[in-house]
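In case you want the letters, here they are:
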Amino acid sequence: MKIRNNRIILFIYAFSFLTFFIVFYLTPHNVDDVTYDYLNLTNASDIFSYCAGYGNGRILGNAIACILCKSKLLNSFFRATVITLLPALIAALSTRKNGSNIVAYLFSMLMILAMDSQMFGYTVVWICAFANYIVPVFITLISLLLFKNIKNKEKGNSLKMVLLFTLGFITQLFSENTTVYTVILATLLIIANKVYKMERGKAGAVYLSSSLFGAGVMLYARRFIHSELGYQFQNVNNYQKVPESISSFIDIFQKSLMGTVKYISHNFLLFAVISICFLLLINKLALKD
């Protein structure tokens, strides 16, 4: 029975990977992807110079996008792997014991596929958006899984702590919203550790300190690069500006909320059907137990 289940799981992973690989391989470059093709950055020094001088602080996100735009095979393989493993990480986090829940994996994958087509194009198909929005989510899930497997009194945590610090730091070098929510997430983990006595206080402190350090690099390093190294900002968009008043903040919040509602409402029926099916499946499994 176990061998049969493992074969089913392997088939689902392989099918998911191949499907996304084909989609990514056949999708033409667009928007910023075409710009990177035109720039033809061929070595690490050129890529760093461009990403550091770009002006938005997304050093790793832009660098990954530059690299992925160079090869259709590498681009398709990397993105298909990340998308396939995203639900696996969510499934692993949703189980109390170490391991993966195939039901949680399927539900998570269905929620990805249920995404509005326009949002899917803006965040998954578009290489630059994928590098700046999806990759940090992937790293955050790995960080949470690592946090889940660290306890204060356990021996041999030093390497895990170093890895957690590294992941917390690099997560901040992708997009501005990631920079904000990672700091909030790390703070909530520390609060949860206190409330629920999770014995992960050290891990929480490491994750928070690394996210704050990374946020500092994201927000202020570009100023140093601009003033000390002589790079000129190429652009600073409206989404990078901090609201100057409460009314401005409320206005931005309302627009973002309405945009989210719009995307969800496009696939409301699909979301409803998936949710009902999942709830029925949970109820069936609960009755078996």
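Residues numbered from 1 in each chain as written. Predicted model: local features only at pLDDT ≥ 70, side-chain atom pairs only at ≥ 80, totals over all residues. Heavy atoms only, no water.

## Structural notes on the overall build of the protein chain
Now for step 1: Across its full length, the protein chain carries 13 helices and zero strands.
Now for step 2: When its helices and strands are written in sequence order, the protein chain yields α-α-α-α-α-α-α-α-α-α-α-α-α.
Now for step 3: Buried positions account for 38% of the 289 residues belonging to the protein chain.
Now for step 4: Pairs at least 24 residues apart make up 74% of the contacts formed inside the protein chain by residues separated by at least 6 positions.
Now for step 5: Carbon and sulfur atoms make up 69% of the accessible area of the protein chain, which totals about 17300 Å². (Helix = DSSP H or I, 4+ residues; strand = E, 2+ residues; numbered from the N terminus. Buried < 20%, exposed > 50% of the residue type's maximum accessible area, 1.4 Å probe, protein only. Contact = heavy atoms within 4.5 Å. Areas by Shrake-Rupley, 256 points an atom, 1.4 Å probe, with all protein chains shown as cover.)

## Section: the packing of aromatic side chains
What characterises a pair of aromatic rings is the spacing of the ring centres plus the angle enclosed by the ring planes.
Now for step 1: By the definition in use, this model includes seven aromatic pairs.
Now for step 2: Summarising the aromatic geometry, the rings of F11 and F15 are spaced 6.1 Å apart at their centres and angled 25 degrees between planes, so their arrangement reads as stacked. Residue F11 and its partner F15 are both found in helix α1 (residues 2-26); the two are separated by four residues, about one turn of the helix.
Now for step 3: With relative accessibility at 57%, the residue F11 sits in the exposed group.
Now for step 4: We classify F15 as exposed; its relative accessible area is 52%.
Now for step 5: Members of the aromatic cluster, each reached through a chain of ring pairs, are F17, F21, Y25 and F77.
Now for step 6: Positioned above the aromatic ring of Y25 is the side chain of K72, whose terminal nitrogen or guanidinium carbon lies 4.4 Å from the ring centre.
Now for step 7: In this structure, R79 packs its charged tip against the face of F130, placed 5.5 Å from the ring centre. (Phe/Tyr/Trp six-rings, centres within 6.5 Å; stacked < 30°, edge-to-face > 60°. Lys NZ or Arg CZ within 6 Å of the ring centre and 35° of its normal.)

## Considerations on the environment of M161
Now for step 1: Among the secondary structure elements, M161 is positioned in helix α9 (residues 158-170).
Now for step 2: Residue classification places M161 among the buried residues on the basis of a relative accessible area of 15%.
Now for step 3: Setting aside residues no more than four positions away along its own chain, M161 makes contact with I150, K202, A203 and V206.

## Remarks on the packing of helix α5 (residues 72-94) against helix α8 (residues 127-148)
Now for step 1: Contact geometry for α5 and α8: axes closest at 10 Å, N-to-C directions at 35 degrees. For the pair α5 and α8, the crossing hand works out as left-handed. Contact with α5, carried on its side by N75, F78, R79, V82, I83, L85, L86, L89, I90, A92 and L93, involves I127, F130, I134, V135, V137, F138, L141, I142, L144, L145 and K148 of α8 and no other residues of that element.
Now for step 2: Grouping the constituent residues of the contact of α5 with α8 by class yields 19 nonpolar, one polar and two charged. (Axes fitted to C-alpha atoms, helices over the stretch in contact; angles between N-to-C directions. Left-handed = near helix turned anticlockwise from the far one by under 90°. Nonpolar A, V, L, I, M, F, W, Y, C, P; charged D, E, K, R; others polar.)

## Some thoughts on the confidence of the model for the protein chain
Now for step 1: When the pLDDT values of the protein chain are averaged, the result is 77; 73% of them are 70 or greater.
Now for step 2: Here helix α13 (residues 268-288) stands out as the least confident element of the protein chain, with mean pLDDT 64; α9 is the most confident, with 91. (pLDDT = per-residue confidence, 0-100.)

## Here's the deal with helix α4 (residues 59-68)
Now for step 1: α4 sits mainly inside the fold: eight of its ten residues count as buried.
Now for step 2: Among the residues of α4, I59, G61, N62, A63, I64, A65, C66 and L68 are the ones counted as buried.

## Quick look at a nonpolar patch on the surface
Now for step 1: On the surface, V180, I184, L188, I191, V195 and Y196 cluster together into a nonpolar patch covering about 630 Å² of accessible area.
Now for step 2: Along the chain, the position of I191 falls in helix α10 (residues 176-196).
Now for step 3: For I191, a relative accessible area of 45% gives the class partly exposed. (Patch = residues over 30% accessible without salt bridge, like charges linked within 9 Å, V, L, I, M, F, W, Y side chains within 5 Å. Salt bridge = Lys/Arg side-chain N within 4 Å of Asp/Glu carboxyl O.)

## Some words on the environment of I47
Now for step 1: As for its position among the elements, I47 is in helix α3 (residues 44-53).
Now for step 2: Filtering out sequence-adjacent residues up to four positions away, I47 remains in contact with L41, A63, C66 and I67.

## Concerning the packing of α4 against α8
Now for step 1: α8 packs onto α4 with a crossing angle of 135 degrees between their chain directions and a minimal axis gap of 8 Å. As summarised for this structure, α4 and α8 are arranged oblique, according to the angle between their axes. Along this stretch, α4 crosses α8, giving a crossing that reads as right-handed. Between α4 and α8, the contacting residues are G61, N62, I64, A65 and L68 on the first element and I127, C128, A131, N132 and V135 on the second.
Now for step 2: Taken together, the residues of the contact of α4 with α8 break down into seven nonpolar, three polar and no charged. (Parallel < 35°, antiparallel > 145°, perpendicular 65-115°, else oblique.)

## Brief notes about the side chain of N75
Now for step 1: Tracing the chain through its elements places N75 in helix α5.
Now for step 2: N75 gets classed as buried once you look at its relative accessible area, which sits at 2%.
Now for step 3: Those residues within four positions of N75 in sequence are excluded, and the remaining contacts are F24, L68 and I127.

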